[in-house]
Amino acid sequence: MRILISLAGCTFIPWYFGEIKAIIPLTLGVVAAALSEIDTRLLYRLVNLIITLVCFSLATFSVQLLFPYPVLFIIGLISSTFIFTLLGALGQRYGVIAFGSLLIAAYTMLGHKMYSDFYSQPICLLIGAIWYNLVSFIESILQPIRTTQQNLAVLFFKLGQYLDAKAALFDPDESENFKSQLANITLANSQFVDALNQTKSSLFNRLKSYRGQAYIRNMLNYYFVAQDIHERASATHVAYQTLCQELKHSDILFRFARILNLQAKACNQLAISIKYKQIYQHNPTFEKYFNYLEEAINRHQGDRKLINALIHLLKNLQNIDLLLSNINNEQQLSNQYMQTSLSEDNFSGIKESWQQIKQNLTVKSALFRHAVRMSLVFSVGYIIIQVTHLQHGYWIILTSLFVCQPNYSTTKYRLRLRVLGTLAGIAIGVPLTYLFPNIEAQLLLIILSGWLFFLFKNSQYAYATAFVTLLVFFSFGLIGESSLDVAMLRIIATVIGCLIAWLAVSFIWPDWKFRNLDKLIKRSCNDNSHYLALIGSQYLSGKHNDVQYRLIRRHVHENNADLSALITIMTKEPHIDQQFADQAFRFLTLNHSLISYISTLAAHRDKQLTAETLTLFDDACVVIINVLNRQQKIDQHLLLLRQIISDTLDKQTHDVNNDDPIILQQLLLILDILPETLQLIEQLSKTNN
């Protein structure tokens, strides 16, 4: 609605007053402002607007004033591109404003011939940006938590997808597809973590302004419940391949899968309830299915260790059901967490901000390298335009801005989609300009194509490119330019801009992702160790979800998601052999398994353990942490400890009232994957160096 209202205002109002030419800069100002927007509370919106307008003004007026002086212009272009890109060191807020400033500068270059004076186009661009922010500001007053509700709804949709992916692991008929199932659950986990972070940012921004409101506390409760369900769903009480082998001819696994699928549906229903402000009604049939599953487990004759693991797995699913059924109970909300964890990654003053920027003033910084790369890309594009005198040649710089990303794989991906989207937009746009030659129809098409661009910009980049190409077509058609001429110029500029971007990421400090793998592996191992240590301490002090615990748990899952994304990108880069890629994917699988085993220990923090088990837990934690941080090799001490834990587990297995066996079983599972994990860490580190 914001986009529709903004585009309608900046098209039909100038048309009504006979200022058709002003539609182009006004529309581009709206686009730049919308791409620079960050969802936050009203006060921060006002602050962001002031910062945005200052940066936009500097960018557009400097381009307009320096344009007649090529030498000064290219100096200003290089320096401003470098500075604006480096502002990303201060966080997402400044990063998107910096991108919008570069975008508004490119738009100014594109339309520098539209007006004879130096101020008309910059003012129109700024008016478009102000108009969009005004519409957005009014909407945020009328619907202050709408975006947060949408993010929460997406969070539970993603949680439902994760539970469905988890349910697929309980299908014994598909055990040969175990690798693809693990890949699916890793992808679902990454998407959930992304949604969790997006929700956290939106929710905490709103919470600072509306902390006393009941509906905000309720949404915060939903956020915490999603975290707790994810932790329990991540738990692995026994190896899934073992389950499929042992229970291949039993209906137990299918019953587990059905409950997980039903819980996924419950999460989807909860998402719909949040989205449409309805009260969630929990499905009463869960109790029946839990009783059927419990009866099936009790009737099963087999290994007692396996039966105990199934019983604990059943209890874990029952706890997830309890969280869902009590989702509207505010008693689940941690007051301590509300009061102490509302800080964001913002900088408190100029000194701190300067220190952050200063840390990136080195070739070792990926942001610094990208800032230099973008400066060179823009300068090369400008030189080509000056030499060839290509009409609308500044589309080259605009294309490079959108396409050139910090890493090779993402840039290559955008290159292909940018070209395809541009060709598709031209194929659609040329006939439409002849079918709808009147101005009123073209104004409607501008609004529609702009709206569709923002609808698809985060999900379908090729579609978004096609629609923004249409917007350009119809905009220039308003001032009498031939659609065929515009089409050819657009294609030429897009190809040149993409070529410059590809050469830049390939040869100017190429940021190959495999070089970051060792650093991320170390961070993952360190945070996994911290997570395990915190869980171990809570077996002594008692279960509590304080800030420190939730923070390290979130970091663990973020690291796993980052690993998945990095490895996916890395395998698309040149110079990566298949063996290295296979080792990286195998480590990702083991890391996910490790987190699952640790999450199982976390799910049972409320259990009372015997002194013997607590001692073994402590000894195992020390060994596991040392191995993960490469401070200890796989030696006889580890093998002896594993044997002691195994013998102790055999003695305790038949005591159904004892909670120790499930803990010992998880420690054994972790110790079993440690040798291969350490071997892969060393191999990947050696290859990486």
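Placed above this text is the structure.
Enquirer: I'm lost on the side chain of T600 in this one. Help?
Expert: Note that T600 resides in helix α24 (residues 578-603). The exposure class assigned to T600 is buried, which follows from its relative accessible area of 0%. A distance of 2.6 Å separates a polar atom in the side chain of T600 from the backbone nitrogen of T236. Those residues in contact with T600 that sit more than four places away from it in its chain are A235, T236, H237 and Q666.

Enquirer: Before we go on, may I ask you to explain the layout of surface pockets in this structure?
Expert: Rolling a probe over the atoms, with the probe sized like a water molecule, indicates the empty space that remains. Taken as a whole, the second largest pocket spans an internal volume of roughly 730 Å³. For the lining of the second largest pocket, the secondary structure elements donating two or more residues are α8 (178-210), α10 (240-246), α23 (547-570), α24 and α27 (660-688). The dominant element in the lining of the second largest pocket, judged by the number of residues it contributes, is α24, at ten residues. Per-class residue counts for the lining of the second largest pocket are 14 nonpolar, ten polar and six charged.

Enquirer: Looking at this model, I keep getting lost on a nonpolar patch on the surface. Mind explaining?
Expert: The grouping of I13, W15, Y16, F17 and I439 at the surface amounts to a nonpolar patch, some 570 Å² of accessible area in total. A total of three residues in the nonpolar patch trace back to one element, the largest contributor, which is helix α1 (residues 2-16). Note that Y16 resides in helix α1. Under the relative-accessibility criterion, Y16 is labelled exposed at 65%.

Enquirer: Just checking my understanding: could you explain the environment of V193 for this structure?
Expert: Residue position: V193 is located in helix α8. Take V193: its relative accessible area is 2%, and that puts it in the buried class.

Enquirer: When you look at the packing of aromatic side chains in this model, what are you seeing that I'm missing?
Expert: Both the distance between ring centres and the angle between the ring planes are used here to describe each pair of aromatic rings. Applying the stated criterion across every chain yields a total of 22 aromatic pairs. Measuring from ring centre to ring centre gives 6.3 Å for F156 and Y222, while their planes differ by 85°; the resulting arrangement is edge-to-face. On the criterion of sequence distance, the pair formed by F156 in helix α7 (residues 146-168) and Y222 in helix α9 (residues 214-234) is long-range, its members being 66 residues apart. Given a relative accessible area of 0%, F156 falls into the buried group. Three or more aromatic residues link up through ring pairs in this structure, and these residues are F67, F73, Y382 and Y394. Geometry around Y115 places K21 over its ring, the cationic atom sitting 4.6 Å from the centre. Over the ring of F224 we find R550; its NZ or CZ atom is 4.4 Å from the centre of that ring.

Enquirer: What exactly am I supposed to notice about helix α20 (residues 461-478) here?
Expert: An α-helical segment advances 3.6 residues per turn. Residues three or four places apart therefore align on the same side. Its 18 residues give α20 an end-to-end C-alpha distance of 26 Å, which sits within 8% of 26 Å, the value for a rise of 1.5 Å per residue. In terms of residue burial, α20 counts as a mostly covered element, since 16 of its 18 residues are buried. Among the residues trailing α20, G480 stands out with phi positive, at a value near 90°.

Enquirer: What should I look at first to understand empty space enclosed by the protein in this one?
Expert: Under the definition given, this model contains eight cavities of 30 Å³ or more. Roughly 120 Å³ of volume is contained in the largest cavity. Going through the elements one at a time, α2 (23-35), α5 (92-110), α17 (395-403) and α20 are the ones with two or more residues in the lining of the largest cavity. Among the residues making up the lining of the largest cavity, the classes are represented as eleven nonpolar, no polar and two charged.

What counts, and at which threshold
Residues numbered from 1 in each chain as written. Predicted model: local features only at pLDDT ≥ 70, side-chain atom pairs only at ≥ 80, totals over all residues. Heavy atoms only, no water. Helix = DSSP H or I, 4+ residues; strand = E, 2+ residues; numbered from the N terminus. Buried < 20%, exposed > 50% of the residue type's maximum accessible area, 1.4 Å probe, protein only. Polar contact = N/O pair within 3.5 Å; in protein donor to acceptor, adjacent residues only side chain to side chain. Contact = heavy atoms within 4.5 Å. 1 Å grid on protein atoms, 1.4 Å probe; cavity = no way out; pocket = protein on both sides within 12 Å on 5 of 7 lines; lining within 4 Å. Points joined across faces, edges and corners; volume = space filled by probe spheres on them. Nonpolar A, V, L, I, M, F, W, Y, C, P; charged D, E, K, R; others polar. Patch = residues over 30% accessible without salt bridge, like charges linked within 9 Å, V, L, I, M, F, W, Y side chains within 5 Å. Areas by Shrake-Rupley, 256 points an atom, 1.4 Å probe, with all protein chains shown as cover. Salt bridge = Lys/Arg side-chain N within 4 Å of Asp/Glu carboxyl O. Phe/Tyr/Trp six-rings, centres within 6.5 Å; stacked < 30°, edge-to-face > 60°. Lys NZ or Arg CZ within 6 Å of the ring centre and 35° of its normal. Expected span 1.5 Å × (residues − 1).

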